[in-house]
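Structural overview for review
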Amino acid sequence: MILVALLEVNDLSTHYFLKESRVRAVDNVSFTVERGKMLGLAGESGCGKTTVALSIIRMLPPAGKIITGEILLDNIDLLKKSKEEMRKTRWLDVSYVFQYAMNAFNPVMNVGEQITEVIIEKGGIKSRSIKKEAWKQVRELFEIVGLDPERVKNYPHEFSGGMKQRAIIAMAMACNPKLLIADEPVTALDVIVEKKILNLLKKLQKDFNLGVIFITHDLSVIAESCEEVGIMYAGKLVEVGSATTIFHNGAHPYTKMLIKAFPSILGEKTYIEPLEGIPPDLANPPTGCRFHPRCPLAIDECKKKVPFFKQYSSSRHLVACYRAGEKII
Ligand SMILES: Nc1ncnc2c1ncn2[C@@H]1O[C@H](COP(=O)(O)OP(=O)(O)OP(=O)(O)O)[C@@H](O)[C@H]1O
Ligand code: SF4
Ligand SMILES: [Mg+2]
């Protein structure tokens, strides 16, 4: 029996069509997410992480269009689903904790009521006393995410930032999805709360055999929590592999430079080497390898031809670079 990945993203390109330009936010990106595993997607601001996530759940803003690719969830292409079918898939099969999610709740409705709406709308309840059953589920969800079930009728403003984030995660888990996409879920939180939320996501991942895509620009958070890591640069996935491989045997110059900018990751350095320069404008990206203007190893070929993903240290470690693994002086 061939085991298929929970999620397979193949050759995804998503662009934003503006009046005078086309922003190539995501180009030819491919990766997989396994059941019960967490994939961390990292890269500097504007490299296309959120656009990948919004493409998967098909909630792009009007200017955003998926140009090529397939997105297979349990071997079914989400891009072939009708709008109505996709509406059903969201929350039921794949749910999403938005970047800046803490403002996601409606301030004039209590939190529990908002979660019951998701449960009822998605038809997750068979019983005749639907509302009563939905409230029972909300209480259970509160317990799962470490919130006091007595507080289900509290309003969003009565919750702290960390509690709100737990409630958002409860809502994302309301229909027992297979895949959870968490876009910068801990960025706005202090480090202690951040750690607790990360532990919660890890627990849910294990208890529910949940596939998770964890998006962040902070590699040290990924080092702590993810089994797999994908590094994005300027709309491209430049390296993907297990966390151990990426952090100890990362082969793309950008990966290496990004890791050096987070000294706490390997625990052996006491100074930071900040990344020089800024990512390019994706309305007019550099030719060839998009990293070449910042890359200390760039050669002529890098400016002319796009490097494709190639197997590096194992079948699951892929790198897009002509000089993968070479030492950066
Ligand atoms: N609605 C939009 N219209 C036009 N361009 C957009 C839109 N949303 C994003 N972009 C552009 O697409 C590119 C990728 O943006 P995206 O938000 O996916 O990056 P990101 O990696 O999530 O960044 P951040 O870490 O800041 O959240 C950027 O160049 C951004 O300016
Ligand atoms: S392909 Fe060339 S420019 Fe791009 S990362 Fe590799 S060496 Fe640097
Ligand atoms: Mg983002």
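Residues numbered from 1 in each chain as written. Chains lettered and ligands numbered in written order. Predicted model: local features only at pLDDT ≥ 70, side-chain atom pairs only at ≥ 80, totals over all residues. Heavy atoms only, no water.

**Some points on the pattern of salt bridges**
We apply this condition: Note on definitions: salt bridges are taken to be side-chain nitrogens of Lys or Arg within 4 Å of carboxyl oxygens of Asp or Glu. The helix count covers DSSP runs of H or I at least four residues long, the strand count covers runs of E at least two residues long, and both are numbered beginning at the N terminus.
Under the criterion given, the structure shown has 16 salt bridges. The partner of Asp27 in a salt bridge is Arg290, with the nearest N and O atoms 2.5 Å apart. Residue Asp27 is located in strand E2 (residues 22–33), and its partner Arg290 is located in the loop between helix H9 (253–260) and helix H10 (300–304); the two are separated by 263 residues in the primary sequence. Between Glu224 and Lys195 there is a salt bridge, and its shortest N-O distance comes to 3.0 Å. In this pair, Glu224 is assigned in helix H7 (residues 219–225) and Lys195 in helix H6 (residues 191–207), connecting sequence segments 29 residues apart. Through salt bridges with shared partners, a single ionic network connects Arg35, Asp74, Asp93 and Lys178.

**Let's talk about the site of ligand 2**
This is how it is decided: Summary of the distance rule: residues count as near a molecule or strand when at least one heavy atom falls within 4 Å of that molecule or strand. All amino acids are sorted into three groups, where Ala, Val, Leu, Ile, Met, Phe, Trp, Tyr, Cys and Pro are nonpolar, Asp, Glu, Lys and Arg are charged, and the leftover types, Gly among them, are polar.
In the vicinity of ligand 2 there are 13 residues, among which His252, Cys289, Cys295, Cys302 and Cys321 approach most closely. Its residues assigned to classes, the shell around ligand 2 comprises 10 nonpolar, 2 polar and 1 charged.

**Side note on the pairing of strand E4 (residues 64–73)**
Walk down a regular strand and you will see the side chains alternate between the two sheet faces. In plain terms, the rule: The pairing criterion for strands is at least two bridges between them, as found by DSSP.
Across 8 bridges, strand E1 (residues 7–17) lies against E4 in antiparallel orientation. In the strand pairing of E4, Leu7 is matched with Leu73. Between E4 and strand E5 (residues 76–77), which follow one another and run antiparallel, lie 2 residues, and Asp74 among them has a positive phi close to 50°.

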